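Structural characterization, general
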Amino acid sequence: MSTEETNLLLIFTRNPELGKCKTRLAAKTGDRAALDIYKFLLNHTVSFTHRLSVSKSVYYSEEIWENDIWDNSIYQKRLQTGKDLGKRMEQAFAHGFDSGFKKIIIIGSDMYNLSKADLEDAFSSLDKHDFVIGPAQDGGYYLLGMTLPNSKVFQNKNWGTETVLEDTLKDLEKENFFLLPEKNDVDHYEDIKDVQAFQPFLKHMKND
């Protein structure tokens, strides 16, 4: 079987609408700059995932957009369902396993320093491990992968806080898991203020 038949990448995304995405970043940069930055990150996510030799599903937060940057011939499009992030992720994984996939990895769409090679390494790690986690610097994780369903990792978490990674690792302490290198996602102004690629979006702040 090909990797497209056995491996699935889930990409969770927010519909890029003014005032509705990157709200913590917007508190410092303003809504317009935050939206522009998020669109930049979405395009970046497309750039390092579209040629990845796996099946790919984009899960939208609010509604499915048929005509956007996610090519319908490359990405399956689905809607997130569930009362919190954990339930939404759990249902996305469950759909993947029910569809026959053997390795499933989920990422968000706000990672600037994630690459195609990083994702290939993550999928490869699932050859020898049942779970793979990419720790984020803020105490969460930027990637989670598994070869078998595990509902514990999606329950009893304070999503969006610095305890998520620690609590998830406790859930997996008796499991065979692999930790990827730590990376930083983009949530706050401090995450991007010194990164060259984001400077065009921050000019208005420097000129105030």
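The following paragraphs examine the structure supplied in this document. It should be emphasised that the depicted structure is a prediction, and the values quoted were computed from it without experimental measurement. (Residues numbered from 1 in each chain as written. Predicted model: local features only at pLDDT ≥ 70, side-chain atom pairs only at ≥ 80, totals over all residues. Heavy atoms only, no water.)

Description of the overall build of the protein
Scanning the protein for helices and strands turns up seven helices and seven strands. The secondary structure elements of the protein, listed N-terminal to C-terminal, are α-β-α-α-β-β-α-β-α-β-β-α-β-α. For the protein, the C-alpha radius of gyration of 17 Å lies close to 17 Å, the compact-globule estimate for 208 residues. On the principal axes, the C-alpha backbone points of the protein span a range of 55 × 40 × 35 Å. For the protein, the residues scored as buried account for 47% of the 208 residues in total. Long-range pairs, those at least 24 residues apart, make up 65% of the contacts in the protein between residues at least 6 apart in sequence. Here the protein holds 26 positive side-chain charges and 33 negative ones, and the gap between their average locations is 1 Å. (Helix = DSSP H or I, 4+ residues; strand = E, 2+ residues; numbered from the N terminus. Rg over C-alpha atoms; globule rule 2.2 N^0.38 Å. Buried < 20%, exposed > 50% of the residue type's maximum accessible area, 1.4 Å probe, protein only. Contact = heavy atoms within 4.5 Å. Lys, Arg positive; Asp, Glu negative; His and termini not counted. Charge placed at Lys NZ, Arg CZ, Asp CG, Glu CD.)

Brief notes about the environment of Gln80
With respect to the helices and strands, the residue Gln80 is situated in the loop between β3 (76–79) and α4 (85–98). On the accessibility criterion, Gln80 (11% relative accessible area) is buried. In this structure the C-alpha to C-alpha distance between Gln80 and Val58, which are 22 residues apart in sequence, comes to 9.3 Å. Discounting chain neighbours no more than four positions away, the residues touching Gln80 are Phe12, Thr13, Tyr59, Tyr60, Ser61 and Arg88.

A few points about unusual backbone geometry
Located in the positive-phi region is Lys22, a residue other than glycine, with phi close to 55°. With respect to the helices and strands, Lys22 occurs in the loop between β1 (7–13) and α2 (23–29). Given a relative accessible area of 13%, Lys22 falls into the buried group.

Overview of helix α5 (residues 116–125)
Of all the residues in α5, the buried ones are Leu119, Ala122, Phe123 and Ser125. End-on view of α5: buried residues confined to an arc of 160°, all on one side of the axis. Lining the buried residues of α5 we find β1, α3 (31–49), β4 (103–107), β5 (131–135), β6 (141–146) and β7 (177–179). (Arc of directions from axis to C-beta.)

Some points on the side chain of Asp110
Within the element layout of this structure, Asp110 appears in the loop between β4 and α5. Accessibility expressed as a relative area gives 14% for Asp110, which makes it buried. In terms of polar contacts, Asp110 uses its side chain to reach the side chain of Lys22, at 2.8 Å. (Polar contact = N/O pair within 3.5 Å; in protein donor to acceptor, adjacent residues only side chain to side chain.)

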